[in-house]
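Each chain, written out:
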Amino acid sequence: MSIISWMILGFLAGAIAKLIYPGYQGGGFFATTGLGVLGAIVGGYLGPFLLYGRTAGAVLTSTISIHSVGFAVFGAIILIFLWEFIAKQKG
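Here is a short report on the structure shown in this document. No experiment lies behind these values; they were computed from the predicted model shown.

A cluster of nonpolar side chains, contributed by Ile3, Ile4, Met7, Ile8, Leu12, Ile16, Leu19, Ile20 and Ile64, occupies part of the molecular surface with about 870 Å² of accessible area. As for its placement among the helices and strands, Ile16 is situated in helix H1 (residues 3–20).

We now examine the packing of aromatic side chains. A full pass over the atoms with the stated rule returns 3 aromatic pairs. Both rings, one in Phe29 and one in Phe30, keep their centres 5.3 Å apart while their planes meet at 75°; by these two values the pair is edge-to-face. Residues Phe81 and Phe85 carry aromatic rings whose centres are separated by 6.3 Å and whose planes lie at 20° to one another, so their mutual orientation is stacked. Here Phe85 and Phe81 lie together in helix H4 (residues 66–90), a separation of 4 residues that amounts to about one turn. Owing to a relative accessible area of 43%, Phe85 belongs among the partly exposed residues under this scheme. Members of the aromatic cluster, joined through ring pairs, are Phe11, Phe29 and Phe30.

Once that is clear, we can look at the packing of H1 against H4. At their nearest, the axes of H1 and H4 sit 8 Å apart, and the two run at 55° to each other. As the angle between them shows, H1 and H4 are arranged oblique. Classified by chirality, the crossing of H4 by H1 is right-handed. Where H1 abuts H4, its residues Leu9, Ala13, Ile16, Ala17, Lys18 and Ile20 lie against Ser68, Val69, Ala72, Val73, Ala76, Ile77 and Ile80. Taken together, the residues of the contact of H1 with H4 break down into 11 nonpolar, 1 polar and 1 charged.

Definitions and limits used
Residues numbered from 1 in each chain as written. Predicted model: local features only at pLDDT ≥ 70, side-chain atom pairs only at ≥ 80, totals over all residues. Heavy atoms only, no water. Patch = residues over 30% accessible without salt bridge, like charges linked within 9 Å, V, L, I, M, F, W, Y side chains within 5 Å. Areas by Shrake-Rupley, 256 points an atom, 1.4 Å probe, with all protein chains shown as cover. Salt bridge = Lys/Arg side-chain N within 4 Å of Asp/Glu carboxyl O. Helix = DSSP H or I, 4+ residues; strand = E, 2+ residues; numbered from the N terminus. Phe/Tyr/Trp six-rings, centres within 6.5 Å; stacked < 30°, edge-to-face > 60°. Buried < 20%, exposed > 50% of the residue type's maximum accessible area, 1.4 Å probe, protein only. Axes fitted to C-alpha atoms, helices over the stretch in contact; angles between N-to-C directions. Parallel < 35°, antiparallel > 145°, perpendicular 65-115°, else oblique. Left-handed = near helix turned anticlockwise from the far one by under 90°. Contact = heavy atoms within 4.5 Å. Nonpolar A, V, L, I, M, F, W, Y, C, P; charged D, E, K, R; others polar.

Spelled out as structure tokens, the structure:
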């Protein structure tokens, strides 16, 4: 994907993940986009592994589709959960 596609996918995934996940998650446009891009990477590897038992790096290089947005949102939700879990452990 081009960098612009990653940015669009990242923002969409981050915004959807923040809407789905309960509670308040701070951050503005750049934090949401970064969360979504990292979520796309995490979801791009974990989603196919959980569904099919193998990793599929091709998900990361394909165009924006319902599946890629879904995997990105899945990955972003995992990252939000981990971030809150680590923050609660620290204090």
